[in-house]
Amino acid sequence: MEPFLLSSINTFVTEPLTHDFMRKALFMSSLVAAVCGLLSSYLTLKGWALMGDAVSHSVMPGVVVAYALGLPFSLGAFIFGVGSVALIGFVKQKSRVKEDTVIGLVFTGFFALGIVLVSKIKSNIDLHSILFGSPLGISLSDVKQTVLISLLVVVLLSVFRKDLMLYCFDPRHAKTVGINVLFLHYLLLTCLSLAAVVGLQTVGIILVVAMLITPGATAYLLTDQFDNMTMISVFSAIISSVIGIYCSFWFDLETGGSIVLAQTFIFLFAFLFAPRYGIFKFKKIFSNYK
Amino acid sequence: MEKPNYQNYRIDAENICVDYNGKVALYDANLRLKPGQICGLVGMNGAGKTTFFNALTGFVNISKGKIRINGEPLRAAQKDQTIAYVPQSEGIDSQFPVNVWDVVMMGRYGSMNILRCPRESDVQAVKDAIRRVDLTDFLSTPIGNLSGGQRKRTFLARAIAQRASILLLDEPFTGVDIRTEKLISELFIQFKNEGKTILLSTHDMIHVREFCDLVLLINKTVVAYGETSEVFTPENITSTFGGISPDVLFGPES
């Protein structure tokens, strides 16, 4: 029995790795998950979940226009991502409408524009892959773009790690000690747009917000240390990607959906069993817990 | 370090106005404080106390007027780590995943390099500050696990670690235990002797009488300003609180 079990586990793990597209999908999804997971700590602490949703949806027309013009789609997505945030800020300031309403209004408007553009511009844009992601069919040029953008975001978040943490925690103190708060605000927004761009390839526009908030929320339940939180967040995001892709391979499931569902299950697990903040507080079981 | 013609004043705020999207929060406010002075900022909720602090820290831009710190513009004072702000308890996310050490170290960020790597001197400053507020046993305690008083002391330690010469404290005595209250009072006397300038907002009239040299009564603008003994009169207080007598507001004990 045991050798059979071992060999079937072995097959389960190694068989997908014999396919080129699977190796690529695993690598890309893990990379994207790491980037989104890293950013996710900041977004959940800053309370920018809705902003993440808005930016990720707003990049839609940018992607379509870039495809139509033959430009790198990340460029179009970035412009519309940052543009949506600027527009949200403008409408909020110039009208009496409340912020969450403005956010909902602007991003659905952009998203609708994107859908209309897809139907109007007759090209080989695959609406399905934009909406739901297609990690199994990423082209080589997309791989290069994604790797570059991911590296950029990781470098930016690493260099300004402590400043961004302070910005999320106590922007007034940051300002008082002469740190450029406005710069940090736009830096975080820029990283958010870039992460949305890379994230939409694996899980698609609709679900990319999950990549940007779920890992951070999971980590937040498991630790009281910021550095640990970013590590747990990145780790849980990568694990989810791998689980999601394997499940999608073996059980023929939608890949993006599987990845996000895996993240949701990990969150659920933390929600129930986190030592300190879970519903069943297992604090006493971990005797070495301070 | 101070320029000779301004050396009398550590804070010099002249006719400052602040408005949020057209709504006036503070207008024509003046304040002049010298080294070693403690000034109480008293006013109703919404009278502009926090706005005044925001203006002095540079967190909001003033639409009119001038702020000079040691005779220099605000931006220079920020770069020199001159001003420290101790937020009121509601002003911070107590569930944020940082511990006492992390928060106090934030007081050093402004004088560190871009990566905010602590040097030996920063570590020492943080240790000293934590010792002064008596939290040495809580170095790695997450701020969410502290009591209100301990959390207040943590932020006070951050201001100490910053080595600022101006301390702005928003409601330092609200929601703290007796021990913390006593410790903060003692620290204020030490700060005064060190020549630091302190501006604190408070709801407690007893504290004002106890250790504020000066008092600034505000209600969108300065109602009265001067020596506590002269300015802190029932009439002035009543007019600051819009015609309501202080007994009604604070109970007979104040």
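Structure: above.
The structure displayed is predicted, hence computed values, not measured ones.

Colleague: Looking at this structure, I do not really get the packing of helix α11 (residues 204-222) of chain A against helix α12 (residues 226-251) of chain A. What am I missing?
Modeller: Residue and element names in this part refer to chain A. The N-to-C vectors of α11 and α12 enclose an angle of 130 degrees; their axes lie 8 Å apart at closest approach. Classified by the angle their axes make, α11 and α12 are oblique. Judged by the sense of rotation from one axis to the other, the crossing of α11 with α12 is right-handed. In this structure, α11 contributes Pro-215, Gly-216, Ala-219, Tyr-220 and Leu-222 to the contact, and α12 contributes Met-229, Ile-232, Ser-233, Ser-236 and Ala-237.

Colleague: What should I look at first to understand empty space enclosed by the protein in this one?
Modeller: Gaps left between atoms show up when a probe the size of a water molecule is rolled over them. Summed over the entire model, instances satisfying the criterion amount to 1 cavity of 30 Å³ or more. Estimated volume of the largest cavity: approximately 30 Å³. Asp-224 and Tyr-277 of chain A together with Ser-94, Gln-95, Phe-96, Val-98, Pro-142, Ile-143, Gly-144 and Asn-145 of chain B together form the lining of the largest cavity. For the lining of the largest cavity, the class distribution of residues is 5 nonpolar, 4 polar and 1 charged.

Colleague: Mind showing me how you'd approach the layout of surface pockets here?
Modeller: Of the pockets and cavities examined, the largest pocket occupies roughly 1,500 Å³. Contributing to the lining of the largest pocket are 36 residues, with Lys-92, Gln-93, Leu-182 and His-185 of chain A together with Phe-59 of chain B lying nearest its centre. Listed by contribution, the elements that provide at least two residues to the lining of the largest pocket are α3 (49-69), α4 (73-94), α5 (99-120), α9 (171-176) and α10 (181-202) of chain A together with β1 (11-20), β4 (64-69) and α2 (74-79) of chain B. Per-element accounting of the lining of the largest pocket gives the leading share, 7 residues, to α4 of chain A. Of the residues assigned to the lining of the largest pocket, the class counts are 22 nonpolar, 8 polar and 6 charged.

Colleague: Would you take a moment to explain the pattern of salt bridges for this structure?
Modeller: In a structure, side chains of opposite charge can pair up when their charged atoms sit close to one another. All names here are of chain B. All chains considered together, the criterion is met by 15 salt bridges over all chains. Glu-171 serves as the salt-bridge partner of Lys-49, at 3.5 Å between the closest nitrogen and oxygen. On the criterion of sequence distance, the pair formed by Lys-49 in helix α1 (residues 49-57) and Glu-171 in the loop between β7 (166-170) and α6 (178-193) is long-range, its members being 122 residues apart. Exposure remark for Lys-49: the relative accessible area of 7% places this residue in the buried category. Across the salt bridge formed by Glu-194 and Arg-132, the nearest N and O atoms sit 2.9 Å from each other. Note that Glu-194 is positioned in the loop between α6 and β8 (197-201) and Arg-132 in helix α4 (residues 120-132), a separation of 62 residues in sequence. Members of the salt-bridge network, linked through shared partners, are Arg-108, Arg-119 and Asp-122.

About the criteria used
- Every chain is numbered independently, its residues counted from 1 as its sequence is written.
- All chains are assigned letters beginning at A, and all ligands numbers beginning at 1, according to the order in which they are written.
- Residue-level local features of this predicted model are given only where pLDDT is at least 70; pairs of side-chain atoms are given and counted only at 80 or more, and the full residue set underlies all totals for whole chains, interfaces and linings.
- Side-chain numbers here rest on the full set of heavy atoms in the structure, without hydrogens or water.
- Only C-alpha atoms enter the line fits that serve as axes; for helices the fit covers just the stretch in contact. Angles between N-to-C directions range over 0 to 180 degrees.
- By the criteria applied, helices consist of DSSP H or I runs no shorter than four residues and strands consist of E runs no shorter than two, each listed in order from the N terminus.
- Angle categories are assigned with fixed cut-offs, so that under 35 degrees is roughly parallel, over 145 is roughly antiparallel, 65 to 115 is roughly perpendicular, and the rest are oblique.
- Here a crossing is taken to be left-handed if its near helix is turned anticlockwise relative to the far helix by less than a right angle, and right-handed if that turn runs clockwise.
- Residue contacts follow a heavy-atom distance rule, with two residues in contact if any of their heavy atoms lie within 4.5 Å.
- A pocket, in this scheme, is an open set of points on a 1 Å grid over the protein atoms alone with protein on both sides within 12 Å along at least 5 of 7 lines, while a cavity is a set where a 1.4 Å probe fits but cannot get out; residues line either one if an atom lies within 4 Å of a point.
- Grid points are joined across faces, edges and corners, and a volume is the space filled by probe spheres set on the points.
- Charged means Asp, Glu, Lys or Arg here, nonpolar means Ala, Val, Leu, Ile, Met, Phe, Trp, Tyr, Cys or Pro, and polar covers whatever is left, Gly included.
- Salt bridge, as used here, is a side-chain nitrogen of Lys or Arg placed within 4 Å of a carboxyl oxygen of Asp or Glu.
- The cut-offs for exposure are 20% and 50% of the maximum accessible area for each residue type, with area from a 1.4 Å probe on protein chains only; residues under the lower value are buried, those over the upper are exposed, and the others partly exposed.

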